[in-house]
Amino acid sequence: MPKKDMIYMDKDLNYNAEITQAKFLGNKLLVGDVLDIKVTGYDEIAIKPFNLGTISQINSNGSGSSGADLAYTIDKEGEINFPTLGKIKVEGMTLDELKADLESRLKKYLVEPIVIIKQNNLKLTFLGEFGARGQVSYSNEKMNILQAVAIGGGTKEDADLRNIRLIRNVNGVDQTITLDLTDYNISNSPYYYVQNNDILYALPNRDAQILANKTPILTKILTYSGLVGLGLVIFNFFRN
């Protein structure tokens, strides 16, 4: 791919105007997602029954708790079991929506509660012509496609930047979207921001594909020619 086409890596570009047009709607929570949720407020004693750390310490008679005890895993029903509040349906919510929902519920018990949520299992999978392959974890929920390419080790020289495939599971169905990283208007795409568990596949450009298709044929020809040549040498040796 010519350097002039690699706009997503051009340091002289100013993306501020473009990026402000993009709308980040948040990751939709799924079964199996792992969440850190902490309740804070003015009354430290009053908030204790609403935090896993407190409950775990009580259950373990003050002997401490493991990291797993301090996180919520969304169960197969799409729920978490929140201290005092009980089972809460969270599947399909964004972190902001869950934060607002919990704060609304907690206002029945606390004065101006504040809920802090972090998702622990954010990851992307990179395939094809990326510097990194396989799953890569990330911490910033608001991750755009350009940032994602960066944590994936960037694209290789043979990658087709106009043909980056994003595979996303929506309601149990995989959707494949083609993204053009050389397009200045990419930030207007509804897929500008990646989602947890997205798969990014960088296809080789046309020249690399042609070379790959020719190489096996060329290898076979050279191998066949070598065998024929070796056969003639052996034949002539024994004939003489």
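Model, not experiment: these values are computed from the prediction. (Residues numbered from 1 in each chain as written. Predicted model: local features only at pLDDT ≥ 70, side-chain atom pairs only at ≥ 80, totals over all residues. Heavy atoms only, no water.)

Caption draft 1: Broad picture of the overall build of the chain. The number of helices and strands found in the chain is 6 helices and 10 strands. Taken over 240 residues, the chain has a buried fraction of 36%. By element, 54% of the accessible surface of the chain is carried by carbon and sulfur atoms, the whole surface being about 14900 Å². (Helix = DSSP H or I, 4+ residues; strand = E, 2+ residues; numbered from the N terminus. Buried < 20%, exposed > 50% of the residue type's maximum accessible area, 1.4 Å probe, protein only. Areas by Shrake-Rupley, 256 points an atom, 1.4 Å probe, with all protein chains shown as cover.)

Caption draft 2: Just the nonpolar core, in detail. Counting residues in hydrophobic clusters, the biggest one holds 24 residues, and the most contacted among them are F130, I145, L181, V194 and L200. Where this core is concerned, the elements lending two or more residues are β6 (123–128), α5 (145–151), β8 (159–170), β9 (173–179) and β10 (199–204). The next biggest cluster of nonpolar side chains, apart from the first, holds 22 residues, and it includes I80, L95, L98 and L102. (Core = buried A, V, L, I, M, F, W, Y, C linked by side-chain atoms within 4.5 Å.)

Caption draft 3: Fine view of unusual backbone geometry. Positive phi values are uncommon outside glycine, yet T84 reaches one of about 75 degrees. Topologically, T84 is positioned in the loop between β3 (79–82) and β4 (86–89). In the Ramachandran plot, E112 falls in the positive-phi region, its phi being about 45 degrees despite a non-glycine side chain. If you trace the backbone, E112 turns up in the loop between α4 (95–106) and β5 (114–119).

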